[in-house]
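Commentary on secondary and tertiary structure
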Amino acid sequence: MNTTQTAQRMTLGDVEVIRVVEWQGAFTSARGLVPDAEPDVWRANEQRLAPDHWDPQTDHAVMALQTWVLRSAGRTVLVDTGVGNGRERPGTPFHHWQGDFLGGLARAGIRPEDVDVVVNTHIHADHVGWNTTRTDGEWVPTFPHAQYLVPAADDAFFGPGNADGDGRQEHDRLVHEDSIAPVHRAGRSVLWDGTYRIDEHLTLESAPGHTPGSAVLRLASGDDRAVFVGDLLHSPVQLLQPSCNSCFCLDAAAAVTSRRRILERAAAERELIVPAHFGGTGIAEVTRDAGTLTVSRWP
């Protein structure tokens, strides 16, 4: 694994966007990540995909672990919080992970006490881990003054109230126990469903499929538009073939429906697409060309 701690900045309307990258590198095989995308698709689009999203020599997908920080309407908003250190995540690459997430935030000028809102686009290990840190043997909110926005459908599915447990794995239970439940106990969480308006620039919107409560965050400020899509996309091949799910999508049909809807709107409204795990610049712009979606540029 290649480890980096970098920050990049841009401005969309009245919103400052800061990208904090904790890790970036080859993750898994291309077909392992997006099983339905045939090898010919990767090869035919090598100029678009290599080297930032795919290594043709090893046939590995290249991905990033990153958080998007939004300074909007006088508040600091984090979009997802990475893996978290020292977690029990058996059977995953994140078992006993050690990274420098808080150091990356600090280098971007952000202290935990400065954060006003934490958005969890969904409850997966690499999106909620730094919700909490261990203090005196207890997991407590990392961002003590923040309001944590958690999709209600994910909380119900991954939480202890789901007696059936269908689709959950052991590490899912652990993720909820150490990264979500402590935020509930501290009274810092807000469960939401459907849509949730954060401020005049930012709105959350349900986009189920990857998980039951998966969400996107829409930014609209001045003439600028962006949509932070979480794990709706893991690779640009899904921009080219929206019917292809990642190996992590729990409801394949719903994931495709959400992906198509969000991408079609992004193309129509010229929204920048900001996935959770894209390498390179981390951002894509799509247009409709001859009836199909295509990547028009990497801003």
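Worth saying up front: this structure is predicted, and the values here are computed from it rather than measured.

1. A look at empty space enclosed by the protein
- One pass over the full model with this rule turns up three cavities of 30 Å³ or more.
- Taken as a whole, the largest cavity encloses approximately 60 Å³ of empty space.
- Forming the boundary of the largest cavity are 14 residues, of which Ala-207, His-210, Ser-214, Asp-231 and Leu-232 lie nearest the centre.
- Counting only elements with at least two residues in the lining of the largest cavity, the list comes to β13 (215-221), β14 (224-230) and α9 (252-269).
- Per-class residue counts for the lining of the largest cavity are seven nonpolar, five polar and two charged.
- Size it by volume and the second largest cavity reaches roughly 40 Å³.

2. Some thoughts on the packing of aromatic side chains
- Scanning the model with the defined rule gives six aromatic pairs in all.
- Measuring from centroid to centroid gives 6.4 Å for Trp-23 and Phe-27, while their planes differ by 65 degrees, and the two rings are edge-to-face.
- Residue class for Trp-23 comes out buried when judged on its relative accessible area of 2%.
- For Phe-27, a relative accessible area of 23% translates into the label partly exposed.
- An angle of 75 degrees between the planes, with centres 5.8 Å apart, marks the rings of Phe-94 and Trp-97 as edge-to-face.

3. Digging into the layout of surface pockets
- By volume, the largest pocket is sized at about 420 Å³.
- Taken together, 23 residues line the largest pocket, and the ones lying closest to its centre are Phe-94, His-124, Asp-126, His-171 and Phe-248.
- Broken down by element, the residue count for the lining of the largest pocket peaks at three residues, all from strand β4 (residues 60-72).
- In terms of residue class, the lining of the largest pocket is made up of 12 nonpolar, eight polar and three charged.

4. Here's the deal with α9
- For α9, spanning 18 residues, the distance from its first C-alpha to its last is 26 Å, which sits close to the expected 26 Å at 1.5 Å a residue.
- Turning to α9, its buried residues number three or more, namely Ala-255, Val-256, Ser-258, Arg-259, Ile-262, Leu-263, Arg-265, Ala-266 and Ala-267.
- At the exit of α9 stands Arg-270, carrying a positive phi of roughly 55 degrees.

5. Quick notes on the sheet that holds β14
- Sheet architecture is open: five strands sit in the order β11-β12-β13-β14-β15, paired in mixed fashion. Since the sheet does not close on itself, it has two edges, and those belong to β11 (195-197) and β15 (272-275), each with one partner. The mean inter-strand angle of the sheet, taken between neighbouring strand axes irrespective of direction, is 20 degrees.
- Where β13 lies against β14, five bridges are found, and the strand directions are antiparallel. When the bridges of β14 are listed, Arg-218 appears paired with Val-227.

6. A look at the pattern of salt bridges
- Applying the stated criterion across every chain, the model contains 17 salt bridges.
- Among the ionic pairs, Glu-16 bridges to Arg-9, the shortest N-O distance being 3.0 Å.
- In this structure Glu-16 comes out as partly exposed when scored by relative accessible area, which is 24%.
- Residue classification places Arg-9 among the partly exposed positions, given a relative accessible area of 47%.
- Through salt bridges with shared partners, a single network forms among Glu-205, Arg-218, Arg-261, Arg-265, Glu-269 and Glu-271.

7. Some remarks on the side chain of Thr-67
- On the secondary structure map, Thr-67 appears in strand β4.
- For Thr-67, the side chain forms a polar contact with the main-chain oxygen of Asp-80, separated by 3.0 Å.
- Once residues lying within four places of it in the same chain are set aside, the contact partners of Thr-67 are Ile-18, Arg-19, Val-20, Leu-78, Val-79, Asp-80, Thr-81, Gly-82 and Phe-101.

8. A closer look at helix α7 (residues 170-185)
- For α7, spanning 16 residues, the distance from its first C-alpha to its last is 22 Å, which sits close to the expected 22 Å at 1.5 Å a residue.
- Of all bends in α7, the biggest is about 35 degrees, found at Glu-177.
- His-171, Asp-172, Leu-174, Val-175, His-176, Asp-178, Ser-179, Ile-180, Ala-181, Pro-182 and Val-183 are the residues of α7 that are buried.
- One or two positions beyond α7, positive phi appears at Gly-187, with a value near 70 degrees.

The rules behind these values
- Residues numbered from 1 in each chain as written.
- Predicted model: local features only at pLDDT ≥ 70, side-chain atom pairs only at ≥ 80, totals over all residues.
- Heavy atoms only, no water.
- 1 Å grid on protein atoms, 1.4 Å probe; cavity = no way out; pocket = protein on both sides within 12 Å on 5 of 7 lines; lining within 4 Å.
- Points joined across faces, edges and corners; volume = space filled by probe spheres on them.
- Helix = DSSP H or I, 4+ residues; strand = E, 2+ residues; numbered from the N terminus.
- Nonpolar A, V, L, I, M, F, W, Y, C, P; charged D, E, K, R; others polar.
- Phe/Tyr/Trp six-rings, centres within 6.5 Å; stacked < 30°, edge-to-face > 60°.
- Buried < 20%, exposed > 50% of the residue type's maximum accessible area, 1.4 Å probe, protein only.
- Expected span 1.5 Å × (residues − 1).
- Pairing = 2+ DSSP bridges.
- Axes fitted to C-alpha atoms, helices over the stretch in contact; angles between N-to-C directions.
- Salt bridge = Lys/Arg side-chain N within 4 Å of Asp/Glu carboxyl O.
- Polar contact = N/O pair within 3.5 Å; in protein donor to acceptor, adjacent residues only side chain to side chain.
- Contact = heavy atoms within 4.5 Å.
- Bend = angle between axes of the 7 residues up to and from the residue.

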